[in-house]
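Analysis of the macromolecular model
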Amino acid sequence: AVVSTQSTGAPDGSSGAVLQSMTKRRGIVKSLDIKEGICTVYARAPLQGMFGYTTELRSITQGTGLFTMEFSAYEAVEEDDQAQMIAQYRESKAYKNQGSSENV
């Protein structure tokens, strides 16, 4: 899985909602910094879980939140996620069009 690092800035009144949103997406909060009324959350999270985060951040901060993300590392996918990904692939047209019974 691709893991990214995030920096999320929002008004300090939104910090609880930002932290909750990040952990819901399996993010691991590394640090929290509050200066001059702005809360900045530094975290790591799987890239797959971050799709749609900008929209959610705008919603919980009334459009005032900022978000940056950059590649951090490749890591092994958790077993539950592996099983789900394999099942989705086996249901896909790509797998069915192979016409073989190779194991995935």
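In what follows, the structure referred to is the one given above.
**A short note on the nonpolar core**
- Membership of the largest hydrophobic core is limited to 10 residues, which are Ala10, Val18, Met22, Cys39, Val41, Ala43, Ala45, Met50, Tyr53 and Leu57.
- Within the residue set of this core, elements represented by two or more residues are helix H1 (15-24), strand S3 (38-46) and helix H2 (53-60).
- Looking at this core, the element that brings in the most residues is S3, giving 4 residues.

**What about the environment of Ile34?**
- By the secondary structure assignment, Ile34 is in strand S2 (residues 28-35).
- The sequence separation of Ile34 and Gln62 amounts to 28 residues, and the corresponding C-alpha distance is 19 Å.
- In contact with Ile34, other than residues within four places in its own chain, are Asp12 and Cys39.

**As for the sheet that holds S2**
- In spatial order, the strands read S2-S3-S1-S4; together these 4 strands make up an open sheet with antiparallel pairing. Every other strand in the sheet has two partners, leaving S2 and strand S4 (66-74) as the edge strands with one partner each. Between one strand axis and the next, the sheet turns by 15° as a mean value, whatever way the strands run.
- In the sheet, strand S1 (residues 2-11) pairs with S4 via 8 bridges, with the strands oriented antiparallel. Of the residues in S4, the one forming a bridge with Val2 is Tyr74.
- Running at roughly 145° to S4, H2 makes contact with S1 and S4 of the sheet.

**Remarks on the pattern of salt bridges**
- Taken as a whole and assessed by the stated rule, the structure comprises 6 salt bridges.
- As a salt-bridge pair, Arg25 and Glu56 come within 2.5 Å of each other at their nearest N and O atoms. In this pair, Arg25 sits in the loop between H1 and S2 while Glu56 sits in helix H2, placing the two residues 31 residues apart along the sequence. No difference in accessibility class separates Arg25 from Glu56, as the two residues are buried.
- Among the ionic pairs, Arg44 bridges to Glu75, the shortest N-O distance being 2.3 Å. In this pair, Arg44 is assigned in strand S3 and Glu75 in the loop between S4 and helix H3 (79-91), connecting sequence segments 31 residues apart.
- Here the residues in one salt-bridge network are Lys24, Arg25 and Glu56, joined through shared partners.

**Things to note about unusual backbone geometry**
- The phi angle at Arg26 is positive, at roughly 65°, despite the residue not being glycine.
- Positionally, Arg26 belongs in the loop between H1 and S2.
- For Glu36, which is not glycine, the phi torsion reads 50° and is therefore positive.
- Positionally, Glu36 belongs in the loop between S2 and S3.
- Using a relative accessible area of 83% as the deciding quantity, one classes Glu36 as exposed.

Calculation notes
- Residues numbered from 1 in each chain as written.
- Predicted model: local features only at pLDDT ≥ 70, side-chain atom pairs only at ≥ 80, totals over all residues.
- Heavy atoms only, no water.
- Core = buried A, V, L, I, M, F, W, Y, C linked by side-chain atoms within 4.5 Å.
- Buried < 20%, exposed > 50% of the residue type's maximum accessible area, 1.4 Å probe, protein only.
- Helix = DSSP H or I, 4+ residues; strand = E, 2+ residues; numbered from the N terminus.
- Contact = heavy atoms within 4.5 Å.
- Pairing = 2+ DSSP bridges.
- Axes fitted to C-alpha atoms, helices over the stretch in contact; angles between N-to-C directions.
- Salt bridge = Lys/Arg side-chain N within 4 Å of Asp/Glu carboxyl O.

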